[in-house]
Amino acid sequence: MIIICPAPFLHILVTWLLYKLTGNIPTEIGDLKGLSVLSLQRNRLDGKIPASLGNLVMLRRLDLSYNRLFGEIPTTLANILQLETLDVRNNTLYGNVPS
């Protein structure tokens with residue numbers, strides 16, 4: 001489970017050493033507008049990628065690889081103009097990666 005609290009000075013959120021996060025990625029994660037790195041890889045997250053990730057306009061790296069995510073990649077990710085790296089491999093996603 002992921003719980004999101006207001007954190008205006010949080011710039012990097014990495015969980016890859018935990019390996020045990022389960023459940024959905026909460027839509028409130030889109031409220032962490034100062035994030036430049038969001039790395040949730042190698043957990044047991046499931047459900048769809050929340051469209052609210054498109055609110056993270058400062059994001060440069062987004063890694064959701066090696067989870068159990070499914071569905072379409074949200075088109076709102078096109079709002080992240082500074083995004084340099086998007087890794088969603090080893091999930092069950094479909095559709096085009098937004099440009």
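- For the protein, an unreviewed UniProt entry supplies the name Leucine-rich repeat-containing N-terminal plant-type domain-containing protein and the organism Gossypium davidsonii.
- Quoted verbatim from the Subcellular location (unreviewed entry) heading of the UniProt record, the comment on the protein is "Cell membrane".

## Side note on the nonpolar core
Here's step 1: Counting residues in each nonpolar core, the largest one holds 19 residues, and the members touching the most others are L38, L53 and L64.
Here's step 2: In contact with L64, other than residues within four places in its own chain, are I25, L40, Q41, I49, L53, L69, D87, V88 and N91.

## Here's the deal with the confidence of the model for the protein
Here's step 1: Mean pLDDT for the protein: 86, with 81% of residues reaching 70 or above.
Here's step 2: Of all the helices and strands in the protein, strand β1 (residues 12-14) carries the lowest mean pLDDT, 54, while strand β6 (residues 68-72) carries the highest, 97.

## Brief notes about the pattern of salt bridges
Here's step 1: Across all of its chains, the model carries 3 salt bridges by this definition.
Here's step 2: With a shortest N-O distance of 3.1 Å, R61 and D63 are connected by a salt bridge.
Here's step 3: R61 gets classed as partly exposed once you look at its relative accessible area, which sits at 33%.
Here's step 4: Note on D63: relative accessible area 4%, which makes it buried.
Here's step 5: Measuring nitrogen to oxygen at the nearest pair gives 3.0 Å for the salt bridge that ties R89 to D87.
Here's step 6: Exposure remark for D87: the relative accessible area of 14% places this residue in the buried category.

## Overview of unusual backbone geometry
Here's step 1: With phi around 60°, R42 is a residue other than glycine that occupies positive phi space.
Here's step 2: By secondary structure assignment, the location of R42 is in the loop between β3 (37-39) and β4 (44-47).

## Topic: the sheet that holds strand β8 (residues 92-94)
Here's step 1: Pairing in this open sheet of 4 strands is parallel, and the strands run β2-β4-β6-β8 from one edge to the other. The sheet is open, and its two edges are formed by β2 (22-23) and β8, each paired on a single side.

## Observations regarding the pairing of β6
Here's step 1: Across 2 bridges, the pairing between β4 and β6 is parallel. Residue pairing in the sheet places D46 in a bridge with R68 of β6.
Here's step 2: As judged from the 3 bridges shared by β6 and β8, these two strands associate in the parallel manner. Looking at β8, one finds that F70 is bridged to T92.

## Digging into the environment of E72
Here's step 1: As for its position among the elements, E72 is in strand β6.
Here's step 2: The exposure class of E72 is partly exposed, given its relative accessible area of 45%.
Here's step 3: For the pair E72 and K48, spaced 24 residues apart in the sequence, the C-alpha separation amounts to 7.4 Å.

Thresholds, definitions, all that
- For every chain, the first residue of the written sequence is number 1, and numbering continues from 1 along that sequence.
- Local features in a predicted model are, by the rule used here, given only for residues with pLDDT of at least 70; side-chain atom pairs are given and counted only at 80 or more, and totals for whole chains, interfaces and linings are based on all residues.
- Heavy atoms throughout the structure, all of them, feed into the side-chain values; hydrogens and water do not.
- UniProt positions are given in the numbering used here, feature names are shortened, and annotations may be inferred rather than shown by experiment.
- Each nonpolar core is a collection of buried residues, namely Ala, Val, Leu, Ile, Met, Phe, Trp, Tyr and Cys, held together in the definition by side-chain atoms within 4.5 Å.
- Only protein chains enter the accessibility calculation, which uses a 1.4 Å probe. A residue is then buried if its area is under 20% of the maximum for its type, exposed if over 50%, and partly exposed in between.
- In this description, contact between two residues means that some pair of their heavy atoms is separated by no more than 4.5 Å.
- By definition, pLDDT measures how confident the predictor is in each residue, and it falls between 0 and 100.
- Elements are defined by DSSP. Helices are runs of H or I of four residues or more, strands are runs of E of two residues or more, and each kind is numbered from the N terminus.
- Counted as salt bridges are all cases of a side-chain nitrogen of Lys or Arg within 4 Å of a carboxyl oxygen of Asp or Glu.
- DSSP-based pairing: two strands are paired if at least 2 bridges between them are found.

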